[in-house]
Structure formats: C-alpha cells, structure tokens
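So the chains spell out like this:
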Amino acid sequence: MRRDERVGVVVLTHDRAEEVVRTVHRVRALPERPPVVVVDNASSDATPRRLAAEAPEVALLRLPSNVGAAARNVGVAHLETPYVAFCDDDTWWAPGALARAADLLDAHPRLGVLSARVLVGPEQREDPTCRVMAASPLPHDPTLPGRPLIGFMAGASVVRRSAFLAAGGFHHRLFLGGEELLLALDLAAAGWGMAYVADLVVHHHPSPRRDAAARRRLTVRNALWCAWLRRPWRSAARRTAEILRQRPRDAAWRAGVRSALAGLPWVVRERRPVPAHVDAALRTVETSAVLAAALLRERTSARLVWR
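Residues numbered from 1 in each chain as written. Predicted model: local features only at pLDDT ≥ 70, side-chain atom pairs only at ≥ 80, totals over all residues. Heavy atoms only, no water.

Asks: Looking at this structure, how should I read the environment of Gly-178?
Replies: With respect to the helices and strands, the residue Gly-178 is situated in the loop between α6 (161-167) and α7 (180-189). Considered as a pair, Gly-178 and Phe-152 are 26 residues apart in the sequence and their alpha carbons are 9.7 Å apart. (Helix = DSSP H or I, 4+ residues; strand = E, 2+ residues; numbered from the N terminus.)

Asks: How do you make sense of the packing of aromatic side chains when you look at a structure like this?
Replies: Any pair of aromatic rings gets described here by the distance separating the centres and the angle formed by the planes. The final tally for this structure, using the stated rule, is 5 aromatic pairs. With 6.3 Å between their ring centres and 50° between their planes, Phe-152 and Phe-170 make a pair best called tilted. Here Phe-170 lies in the loop between α6 and α7 and Phe-152 lies in the loop between β8 (147-149) and β9 (157-160), a separation of 18 residues in the sequence. By the burial criterion, Phe-152 is buried, and Phe-170 matches it. Measuring from ring centre to ring centre gives 5.0 Å for Trp-225 and Trp-266, while their planes differ by 80°; the resulting arrangement is edge-to-face. Here Trp-225 is found in helix α8 (residues 212-230), whereas its partner Trp-266 is found in helix α11 (residues 264-270), with 41 residues between them in sequence. Each member of the pair Trp-225 and Trp-266 is classed as buried. Members of the aromatic cluster, each reached through a chain of ring pairs, are Phe-86, Phe-152, Phe-164 and Phe-170. Positioned above the aromatic ring of Phe-86 is the side chain of Arg-72, whose terminal nitrogen or guanidinium carbon lies 5.8 Å from the ring centre. Of note, Arg-271 hangs over the ring of Trp-233, and the distance from its end group to the ring centre comes to 3.6 Å. (Phe/Tyr/Trp six-rings, centres within 6.5 Å; stacked < 30°, edge-to-face > 60°. Buried < 20%, exposed > 50% of the residue type's maximum accessible area, 1.4 Å probe, protein only. Lys NZ or Arg CZ within 6 Å of the ring centre and 35° of its normal.)

Asks: How should I be thinking about the pattern of salt bridges in this particular structure?
Replies: If the charged atoms of two oppositely charged side chains come close together, the side chains can form a pair. The full count for this structure, using the stated rule, is 24 salt bridges. Between Arg-131 and Glu-126 there is a salt bridge whose closest N-O contact spans 3.7 Å. A cluster of three or more residues bridged by salt bridges with shared partners is formed by Arg-231, Arg-239, Glu-242, Asp-279, Arg-283 and Glu-286. (Salt bridge = Lys/Arg side-chain N within 4 Å of Asp/Glu carboxyl O.)

Asks: Before we go on, may I ask you to explain unusual backbone geometry in this structure?
Replies: As a rule of thumb, non-glycine residues mostly have phi less than zero, and peptide bonds are mostly trans rather than cis. The residue Arg-33 is not glycine, and still its phi comes out positive at about 50°. The phi torsion at Phe-175 lies on the positive side, around 60°, for a residue other than glycine. Inspection of the secondary structure puts Phe-175 in the loop between α6 and α7.

Asks: Before we go on, may I ask you to explain the environment of Ser-157 in this structure?
Replies: Here Ser-157 is to be found in strand β9. Between the C-alpha atom of Ser-157 and that of Gly-75, which follows or precedes it by 82 residues, the distance is 14 Å. Excluding residues that lie within four positions of it along the chain, Ser-157 makes contacts with Val-84, Ala-85, Phe-86, Trp-93, Val-113, Leu-114, Ser-115 and Phe-152. A polar side-chain atom of Ser-157 sits 3.4 Å from the main-chain carbonyl oxygen of Met-153. Reaching out from Ser-157, the side chain makes a polar contact with the backbone oxygen of Ala-154 at a distance of 2.9 Å. (Contact = heavy atoms within 4.5 Å. Polar contact = N/O pair within 3.5 Å; in protein donor to acceptor, adjacent residues only side chain to side chain.)

Asks: Even after reading the chapter, I still don't get the pairing of β9, so can you show me in this structure?
Replies: Consecutive residues of a regular strand have side chains that alternate between opposite faces of the sheet. Burial along β9 is two-sided: the face carrying Ser-157 and Val-159 and the face carrying Val-158 and Arg-160 are both buried. Where strand β6 (residues 111-120) lies against β9, 3 bridges are found, and the strand directions are antiparallel. Pairing of Leu-114 across the sheet is with Val-158, part of β9. (Pairing = 2+ DSSP bridges.)

Structural data, given as structure tokens:
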C-alpha cells in the first residue's frame, strides 16, 4: 500500500525496551506506513540495542538525559510531515486512524490538535477520560470536527506540526504529568482549535513500570504551575483553591505543592496570561457539572491531561 506522506509518528520512551519494540512493530505495520521517530529519554536498559537490532528502519534519537515530555519536541523537529501523531511506548494507533486524522486536519485548517478515543488493555475498555472529552461543555464549533476541547491527551493525539512548533512544544520544566495543559492554552491563545473525534482509536496497554507517587507529585505541581503561568490572577487563585481542595493530603501531594512553590520565581518571570476568551472556555470546562461528576465518579483527578 502507498505510504501516506502527510503524517509521521513520534514515540516517547524511557527504560521500556520490551514495550517500545512492541509499539514500534505495531506502528510500522499500519497501512499508512508512517515514518517513525523514537526519542529515547536516556534509557539505561536494552532499548537502544533492541531497536537497532529489531527495527533498524526507525529513526532513533538518543537524548543524553531524561527530559520527559519535551523529548517529543525533538521528534517533531526531526520529522518533515505536516502532521505528527504521538505514541507513548505503551500506546499505538489503530489501522486507518492516522489517515483519517490527516483527512480531518486537511479539511479543517484551524484544527491544531486531534485527540483520539483510547481503548485500554486486551479487553479494550474505554479510558474514562474519553467519556469526559465526549461530554465537553464547550459549544459546537463549525470549524472543527467532533467535540471541541481546550486540551488533549498527548499519547493519543495528532498535532499540526507548524502549530506545535510555533507554540514552542512541551515546556521543559513540566517533565511529565498534565504537561499538555500549558501547550493547549498556548495553542488556544494563538487561535488553534482542538477536538475529540471518537472514531480515531488508540490502543493503550499500560506498562507495569509506573511510579504512581511520582506521577501524582508532578501532576499537582504542573497543575498549579499552569494556573499561575497562564491564568488571569483571579482565575489562577480560584483554580489554585480548587486544586488544593481536590487532591488527597498524602506525601506525594504535599511534595507536589512544595515543588510548585519552589518554582514561583521562574513562574513569575515567565507568566503570560491567556486572552479572556481562552480563560472563559477553561472556566466553562472547570465548572461543568458533567465534568465534575465524571471526575468524581471515575477518579480521574490525576489525569487532567486534556484540560
């Protein structure tokens, strides 16, 4: 089948040789035959050796240190396709999804990011975040497909490369854990739209190599930093109070708050509030009864990745 020249794939990995090799093989088998770039966040395991031996056709970019989500920026810069799909080392796109995403991006020139429906595990359970995105309270936008969002899920998204690069990509200080929000706000401030389209499918088989406490710490820190960096002061204060109320008071939560406070000097230096209409859209999402109920019921407070 002829290669679809419109979309490439960036796979992010760190110390998950088995998972990333599996993901690369699945992505390379897609009918779109996309060019694949693996960005290795300074793995200390067999990742480089395994990829070189088992997937030599894949571009492997090895970083000298683990920079988290910002490694995706390196992959996007390396590719030349107009659209770039992201995978984590435990996620991969369903056959035909990339071509469908490229068609939608072709047809909607204001569309900056597409988020896909995520099916988890061999049983293909729908990720609860997808139900939240499908119930987005933002009004219908005729310039966008699907449901309009003011955020996205990085490991299950396709971005317009030019918009991503112009916005600066993922901020290097956020590392991982809700890192999408800051970029989403910058894209929205620049006039780009984001949408959830349920007929785009990504499969996610979560790796057992996860540090839940570290992710919780980073998530609360990043949520606070994003509020302080981009929200008008009144909204930032309100959002800070909401975050502090909804997080469990465990050691990871307290460490995240302390880390956020420690970053205040650079946050104040880099603070750039978004326009009022972007903040209003974010408030609409935050005050939605549907969202609030979903977050409570599904306990997705640690995955504020799409907002």
